[in-house]
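Read off the chains here:
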Amino acid sequence: MDPQQEEVVTGEEVPQQDTTSTVDVRIIVAKGKEIFLPQVHAGETIHAIKQVLADFQETAFFTAYHLAVKHIVDTDNQKHEYSANDYGDYSPIGTFLGPNSKELVFTIQFDLYDVKKIKLHIDRLREVCNRSHIPSAISKKSEDDEPESNQNGDSSSKKAEAKFVPKLDDVVESVKLNQYFREVLCLDGNKTAFNPDFNKLPLNNVIKSVYVSGWNPVPAHRRLQGDLMYLEVLFAAEGTIHITCTNRGFFVNKSNRNTFDPTPAAQPFFSHDLFGTIGGYSQQARAAWVAICEASASWFSGSEPGALDGLIRNFVGVNFNETTLPTGSWIAPSVGSGLENVSQAKPSYDVYRVQQSLSDLCGAEELGAPREWNDEIQSIRSLQAQDDGEKIMKARLEYKIITEFSESCKKMVMSVANGEISPLTYGVPNESEVYSYNGIFVSRAEDIKDAFHIYDGDEAARKANSRDLANQKLIRTLDIEGLGSVLCTLVDYKGTRYIAQSIIPGILAQGEAGARLMYGIMEENKPLTVKESSLALMKQLAEKLFLGTRHLPQYPFGEAVEATAESKEAADAALADLDPLNKLIKSSEALTTPIRIDDEDNVAVDPETKSVPHVGPIDAKIIRGTDGRNYLLEIMRLTPRDANYVAERGTGKIAAEELAKVDATLSNTYILRQELVGIYLQRKVNLERSKLLTEAQGRQQEEREKLAAKAKEEAAQAVTVDDGEESDVKIVKETDAEKDRLAALDAELENTLTEEYAEKYRAINVQSVGLEINPNVFLPFTSEVHAEQLAKDEEAARDIANLLWDFVLPAFIRQVREGDVTPRDATGLVQALHRTGINVRYLGRLAYLAVEQEREDTELFLQGKQRIHGMPQYFTEMLLVEMIARGVKHVVNRHFRDNKLFAAAPAQSLASLLNHVLSALVDPEAADAASNNNNAEGKANGKKNKKSKQPKEQPAAATTKAAAPAAPAPAAAPVASSGKAGKKGGKKGRDAVVVDQSLFSASEVVESAVDIFASKEELFKELHQLIASRFLFNMSIYDDEAEDEPLVVNEENAMETLANLSKKLLAKSSLRRRVNPVVLLRRICQQLGLVVVAKDYAFASTTSPIITPQDIITLVPKVKSCEPDTYLPDFQDYLASSASFLQQGNGLAAFEAAQEALNMVTQVTGTAHEQAFQAMDQLTAVFVATADVKAATHMSARTLALSAQVQGLDGQETIQHHIQLAMLESEMDNLSAAFRHLLTAKYIVQLVAGDRHPELGNIFFRLSTLYEKVGNFDAAMLCIHSARRLTTDLGRNAMLAQAEAALAFRHHRYAEALALQKHGFRLVRDIFGVEDERVQMAKKNLETYIRASSEAAAHHPQVQSSAAAAAVTVDDGEDSDNDNQAGGKNAKKNKNKKNKNKGGKK
């Protein structure tokens, strides 16, 4: 729930929410002081309301209290008392409401403290101290109280909002990372006053620290008097006070560091909240609070806050680490006084922070029993929800447990990596260590020795476990009764992937009390276990996932060979030679597995083939826990291996020499995506249906011809001639009645055939195709004992792989070229690839296809031609960035696992790696020029400094150097101990005590961190090999050889040059021009979980490092949870219904469906969830369609804030929300906000996708409209011209050319308008044909411009040139010398005119 949520104002066609779903909430804080929250949803809990109250001045310090219902007001303004008290913080407010309730009134009642509540209260105090502005709920005005003129956007508000107009320099400047937070948070010059310096927070400057006193724990006799804890508060200028915490509140006591006296001081300043006591004692604390209140009042009353102002506090005064960084962070504010609007807090001496860190329980409940995660989630999933209310409650509980589990796994993994949790095993290799803590079982996704798997290598283990998690989520959506799954979360941290799972009951027990294997194989050379009940469950799964039942050998990997007597003796001898500890470890390996394996209820083994029926991957296992539930584990594959990457029996699409580059340890994990199987099935369905339609049409034509022939035969009759002689000629006479009869027969036939074939058409679906997938083909074991069936399985796998290579990949490139797919950043690119069934390993293939399209565009351009849809260059650059970033990630992860020194202190090595990779993109000529300029400036400054300082400082330096003492030499002889013996040389017969002085011979040089990437050559060699292996792509980003010669194209060598263009485009010099270092830095940070400081990095520098170790702030873990795509399937149905209603023009129904979707998801997940802002997006679309711009603006602002909070400040969805909000603000004549959001969108696009992305063209076009509104014609023309320059689509270019012409015409630039309109007219004519409405409109506008230009020339002789330009004959059929060969439909229509085309559009 948004703390600043206001009532959504809707249009006339969309009614307000009724009182059954929303209610006004009023909270009585004190006498005469109330907080009003309008239109709170009935599904919101009391806890959610308390979270909102924490953001207001009046209740910011309240933690130990509850909200008591005072009364409910109905629509007749009648008050109804509510006396029951059987509710808690998580009770929805709808439980108090009746059918006519319109207002709910709460009172705040304080609770008694305990130790846990006091700690939470201290945390709240510290949080508030880190805030510079806190709104007041009492003084805040609602929208209903605003003047009508402001609501309607009158002229006064227009003038105020038009004050901020960006300069052209701000529009055309490139991305600067030191401006990151200013840009992405939409902060302009006026917002600087919001917080000029975040390091000067008023309360933090006064209250330096609040920590637990050294007089704790509380003595027994004082605990009986109500004392719970003692605190110390350190002020900046008022010393230190000691505070006693009781169950009723806080007061100042008489203690100090030397004396313990917890009794009240002369002025105790007792208060229920801690700040009340501190403020009572400290005048400076009271003044600081007043300063915050005054600054907040002036800010919030001065102007409407921006949509992202609520997120600013996430970056204020925070010491960023792995847990405090917001979602999606890869960059953090700089440490310092704050030249920009946000800066990271300087490290401060804080005893309480140390105390909290040392007492951290790594995600476990404080002094509580370990969580029974598995029992909780299984109990929730077993609930049988009947109505919508029960479904929502079940989904809410599931969301809560999954969210808490993922957060606990993240904390536990970080603790494991830092060595804070001991392993469950002892004396085993590091990769085999497992951990059990807080009810969570954690292991490493690595190639564990002696464990059963069909893959080899750590990277293969990582990929296999990632697919297992995705498949588990898919199977959960199928809802197969009796087949359960555990909670699972993958956490990538410092190069290692950790698997965190809830513990199956009995899986760690031994013998009969343990869990039981129902399906699968636990060890090699063991029989495959298949129980009857488990096979039935897997067959249900097979029906929904198109898996086939296959017969596998009972011993898939061969039967174990019994050891001989000699081998047993050798083993016993080797065991006897071990020390006792290792002997115990080796002996324990022979113990039985904790999972019980038996032959009870096994399916019968085929005596002829020695096989058993099996469904799914060979890795799959079903474990029955001691709770009686079946748990499906290790679903590594639901689709077959990618036959394109199979050497011998594959498709042969990839050359053998290329396949030799692929890492053999990874090839078994290269599987096809489930989405590709769906595409394959749909194509099969479409093919069968097409055949059926062809058959139906043929049969219908055949039957129609039979009917016609029969009708003619029946109607034939002889005709007698006048002379009475019978003629041999038979004439068919068709009367009207006969025609009607024939038509009736034809209609009857059509109806009969339509019904017959319609039934057959409906019967053709994905189930009727009969596809049965064998996910075990092409693996190193017998996946089917029957050779004929195995051949069919392999052929099906090859067909799907061929579809991917021959159809899906080229189709994706075509969609990118035509603009149907436009990923905004690398994350969007990967999501788009996955939606179409393309694996990331095909990035290299896509890059080659994209470059080939660019080559064709270049070839056409040299021939004077241009395609309607040119290949956008941003896509190739995005592919290059993604391959480099992923290659860097794999290189770094390998070194994290292999080098402990690097894992312990990686900053230096990571800085070197980033410097090498980013410096390879620097153009040497530009870098040398910049370096020369810097050196010249440095020499000039050096001469000045030398003249002014060197004569004075040089003697001092020489003296210092001469006076420096030499390093002490180690002691040459032992030194006698002190005492009389030492003074007198010791008594005869007594030995002197010898002290080893080597203990004190500490080095004067501190060992520096290891730099494993110091060698650029070795790094790039490894990186090149990895990219070639992973993506089959030859990328040279570092080469010792000389630069390639410039590309020179002439008539003689044109074709040869074009033939090698693909290679040239990927050469070193070309890559430097195309890959944006800012985009690459961001993507590398995202892949590694790296966070760098926001500063203006010198990417073009060759003399100094781009990034230093101090610029790297932290490494954050990357978490993949088992959270389903949606908790409520009805949510997607409501969204789809809303979109359908909106398309039909039914705004009311569309609003109700979207509102219901939003209500459902907010009751389950709250508003801070991706599905919540999906529903808000749909509501915004409804408001826009019903012309309710104000409601749309309000909803769009909320959506933007949630999107930035959930997906990150520079997420791909955030870009679209900025653009959408800018357009709505423009409709409201709030041009300042519109400018800010468009500039933010432009900054983010350049940051995430570079300077060639087509989205920039859309942004520049919208900026031109805003500049025209404020009367800046030159800026408007520059923006729209930039939009034209960024588009590769001729249709879009024609539209922009006409828009630019219209802009020039409105400002009486007739010559420009005519030239631009003529260009646009010719483009649309060539693309769409003469008869198209767009062409006729363009022709009409051109004629209008000609007439206007002629009239202007007649009145103003100085525009004769314009008149001359106006003398143009508009001939639809005349081909200009510059006409474009557009292709497509027009190419077919004007085939006879192609030879006249001699030039192309520039």
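Anything mentioned here points back to the structure above.
Because the structure is a prediction, the values reported are computed rather than measured.

**Q** Quick rundown of the overall build of the protein? Include the residues and the values.
**A** A tally of regular secondary structure across the protein gives 46 helices and 25 strands. Within the protein, the proportion of its 1402 residues that are buried is 47%. In the protein, the proportion of contacts linking residues at least 24 apart, taken out of those at least 6 apart, comes to 72%. Carbon and sulfur atoms make up 50% of the accessible area of the protein, which totals about 69400 Å².

**Q** Lay out helix α33 (residues 1077-1088) in plain terms, naming residues and giving numbers.
**A** Counting along an α-helix, one turn takes 3.6 residues, and residues three or four places apart therefore face a common direction. Over its 12 residues, α33 extends 16 Å from the first C-alpha to the last, a length consistent with the 16 Å expected when each residue adds 1.5 Å. Burial runs high along α33: 11 of the 12 residues are buried. Among the residues of α33, P1077, V1078, V1079, L1080, L1081, R1082, R1083, I1084, C1085, Q1087 and L1088 are the ones counted as buried. Sitting at the amino-terminal end of α33 is N1076, which places a side-chain oxygen 2.9 Å from the backbone nitrogen of V1078. Phi turns positive one or two residues past the end of α33, at G1089, with a value near 75 degrees.

**Q** Can you tell me about the sheet that holds strand β12 (residues 440-444), naming the residues and giving the values?
**A** Spatially, the 5 strands line up as an open sheet ordered β11-β12-β14-β13-β25, and their pairing is antiparallel. Only two strands of the sheet have a single neighbouring strand rather than two, namely β11 (434-437) and β25 (1118-1120). Averaged over all adjacent pairs, the angle separating strand axes in this sheet is 20 degrees, with direction ignored. Where strand β13 (residues 488-493) meets β25, 3 bridges bridge the pair, whose relative direction is antiparallel. In the strand pairing of β25, V491 is matched with V1119.

**Q** Tell me about the nonpolar core, residues and numbers included.
**A** Judged by nonpolar contacts, the single largest core of 190 residues is most densely connected at L177 and F875. Looking at this core, the element that brings in the most residues is helix α24 (residues 873-898), giving 13 residues. Counting residues in each nonpolar core, the second largest holds 54 residues, with L469, C488, Y498 and F1183 among its members.

**Q** Explain the sheet that holds strand β4 (residues 79-81) to me, and be specific about the residues and the numbers.
**A** Spatially, 5 strands are ordered β2-β1-β5-β3-β4 in an open sheet, and the strand pairing comes out mixed. Only two strands of the sheet have a single neighbouring strand rather than two, namely β2 (33-41) and β4. Within this sheet the neighbouring strands show an average axis-to-axis angle of 30 degrees, counted without direction. Pairing geometry for strand β1 (residues 22-30) and strand β5 (residues 101-110), over 5 bridges, is parallel. For I28, the partnering residue across the bridge sits in β5 and is T107.

Basis of the calculations
- Residues numbered from 1 in each chain as written.
- Predicted model: local features only at pLDDT ≥ 70, side-chain atom pairs only at ≥ 80, totals over all residues.
- Heavy atoms only, no water.
- Helix = DSSP H or I, 4+ residues; strand = E, 2+ residues; numbered from the N terminus.
- Buried < 20%, exposed > 50% of the residue type's maximum accessible area, 1.4 Å probe, protein only.
- Contact = heavy atoms within 4.5 Å.
- Areas by Shrake-Rupley, 256 points an atom, 1.4 Å probe, with all protein chains shown as cover.
- Expected span 1.5 Å × (residues − 1).
- Polar contact = N/O pair within 3.5 Å; in protein donor to acceptor, adjacent residues only side chain to side chain.
- Pairing = 2+ DSSP bridges.
- Axes fitted to C-alpha atoms, helices over the stretch in contact; angles between N-to-C directions.
- Core = buried A, V, L, I, M, F, W, Y, C linked by side-chain atoms within 4.5 Å.

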